[in-house]
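# Tertiary structure, described
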Amino acid sequence: MISNIMTMVRKELIDAARDKRSVMAGLYYAIGTPLMMCGMFMLLIGQMTSPEDLNIKIENSDNAPDLVKYLSSKGITHGDSQSTNDKGDQLDVKDIRLVISDDYAAQMAKGLSAEITLIADNSNEKLQKSIRRLERNLQTYSAEMGSLRLIARGIDPRVVQPIKVNVEDEATADSKGGVILGVATMTMIYAVFISGMNLAIDTSAGERERNSLALLLSHPVSTRNIVLAKVFSVTVFAMIGLLLTLIMSKISYAFVPWQELGFTVTISTEFILLMLLIGLPIALMAASLQLFVSFMAKSFKEAQSYLTLVLIVPMMLSMAASYNIAPDTLQWLPVSGQQQALIAFIKGREIPMLQLLLSSVTTLIIAIGLTLGMEKSLKSEKIVFGL
């Protein structure tokens, strides 16, 4: 039985290797996604460490020269040209206006509250970050002026600050880097579903359209062996995609200047081995799911459409685990349970073995159920001939 299955697995892999375009289409994600993630992280780090100057329009700026000078020192200037926000979008100076009241100087001289008005469209997503940046600096300037007024009156500014909060961050450099790598694990797990998808469609709906599925089933080989061979073949491609993703991530992430944020992101050999071990049950489930859906479809294009919708489910589970928005019940489910265990590992915490074990067992049970379902369906003429 095992020798028959291995022979059929080799046959499926040889057939898939002949179609190089289909093979590469399945592996483009594994190669390209780490590079795109690397470029995105480089861009974000550049924006966070050296934000662009914000150019706004300040009316009656002569009434508050000290305020204008303070804002200028924080990279907030006023003029008639365009500026760029932290996302790289071009902003006109008229988009954000700061109106200084006519009696600003007189009120400040009297030690009273001086009025300034910030005018902007807060519903404009391009402006929101720039508006918050301006508000923070205005609040800081106001606090500094308040402290100077108290000192001028012989009052210690600490009197109005009865509580001083000291925050001690116990996060290590590795755990901070684990936050970034935790998000990256989402793309790694998703590679399992993407890499073998083309082969899954081709070896099911594709074979049926080429009229080779019925010929294959006519051979003196059990239907179960045929199904297992197809599942194992797709699993091999899925695991190759995962391995390529890990290798490309290890190489590309080394070029990202993480040190500018005060931490490092390292894809260790231990993480790669753990990822491959955890990814194997997921790859088996992904292969079984994709083949099952493809056999249920009546054509190659219909299978592509169905799988595009089906793959939204594991992506949502992975996103829920990555951004820590998953309810407690999801920690026992496939994909999200394994990913949370991976995130705990890369942050240096103890791996929740019970959670990992149960989610992996659930994953294998689903894979076995789908495989048995395929075996039963291939005994139906409607499925074999796409009727």
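A quick note: this is a predicted structure, and the numbers were derived from the prediction, not measured.

Cut-offs applied
Residues numbered from 1 in each chain as written. Predicted model: local features only at pLDDT ≥ 70, side-chain atom pairs only at ≥ 80, totals over all residues. Heavy atoms only, no water. Helix = DSSP H or I, 4+ residues; strand = E, 2+ residues; numbered from the N terminus. Buried < 20%, exposed > 50% of the residue type's maximum accessible area, 1.4 Å probe, protein only. Polar contact = N/O pair within 3.5 Å; in protein donor to acceptor, adjacent residues only side chain to side chain. Contact = heavy atoms within 4.5 Å. Phe/Tyr/Trp six-rings, centres within 6.5 Å; stacked < 30°, edge-to-face > 60°. Core = buried A, V, L, I, M, F, W, Y, C linked by side-chain atoms within 4.5 Å. UniProt positions renumbered as here; feature names shortened; annotations may be inferred.

## With respect to the side chain of Glu 375
With respect to the helices and strands, the residue Glu 375 is situated in helix α14 (residues 353-377). For Glu 375, a relative accessible area of 13% gives the class buried. Among the polar contacts made by the side chain of Glu 375, one reaches the side chain of Arg 224 at a distance of 3.0 Å. Those residues in contact with Glu 375, other than ones at most four positions away along the chain, are Thr 223, Arg 224 and Val 227.

## Quick notes on the packing of aromatic side chains
What the rule picks out here adds up to four aromatic pairs. Measuring from ring centre to ring centre gives 6.0 Å for Tyr 29 and Tyr 190, while their planes differ by 70°; the resulting arrangement is edge-to-face. Here Tyr 29 is found in helix α2 (residues 20-49), whereas its partner Tyr 190 is found in helix α6 (residues 173-195), with 161 residues between them in sequence. Using a relative accessible area of 16% as the deciding quantity, one classes Tyr 190 as buried. Residues Tyr 70 and Tyr 141 carry aromatic rings whose centres are separated by 5.2 Å and whose planes lie at 45° to one another, so their mutual orientation is tilted. Note that Tyr 70 is positioned in helix α3 (residues 65-73) and Tyr 141 in helix α5 (residues 125-152), a separation of 71 residues in sequence. For the pair Tyr 70 and Tyr 141, a shared accessibility class is recorded, and that class is buried. Counting every residue linked through ring pairs, the aromatic cluster contains Tyr 29, Tyr 190 and Phe 193.

## What to know about the side chain of Ser 336
With respect to the helices and strands, Ser 336 occurs in helix α13 (residues 336-346). When sequence neighbours within four positions are dropped, the list of residues in contact with Ser 336 reads Leu 317, Ala 321 and Leu 330.

## Here's the deal with the nonpolar core
Counting 45 residues, the largest nonpolar core has Met 188, Phe 193 and Tyr 253 as its most contacted members. Listing elements by their share of this core, those giving two or more residues are α2, α6, α7 (197-209), α9 (223-252), α10 (269-296), α11 (300-310), α13 and α14. Counting residues per element, this core draws most heavily on α10, which supplies ten residues. Filtering out sequence-adjacent residues up to four positions away, Met 188 remains in contact with Leu 181, Leu 242, Thr 245, Leu 246, Ser 249, Ile 267, Phe 271 and Met 275. Within the second largest apolar cluster, 18 residues are counted, among which are Val 68, Ile 76, Ile 96 and Ile 131.

## Side note on the UniProt feature "transmembrane region" (unreviewed entry) in the protein
In this numbering, the UniProt entry assigns the feature "transmembrane region" (unreviewed entry) to residues 27-45, 179-201, 227-251, 271-293, 305-326 and 353-372. Counted over residues 271-293, helix gives 100% and strand 0%. Its end C-alpha atoms are 32 Å apart. Strand forms 0% of residues 353-372 and helix 100%; the C-alpha atoms that close the span are 28 Å apart.

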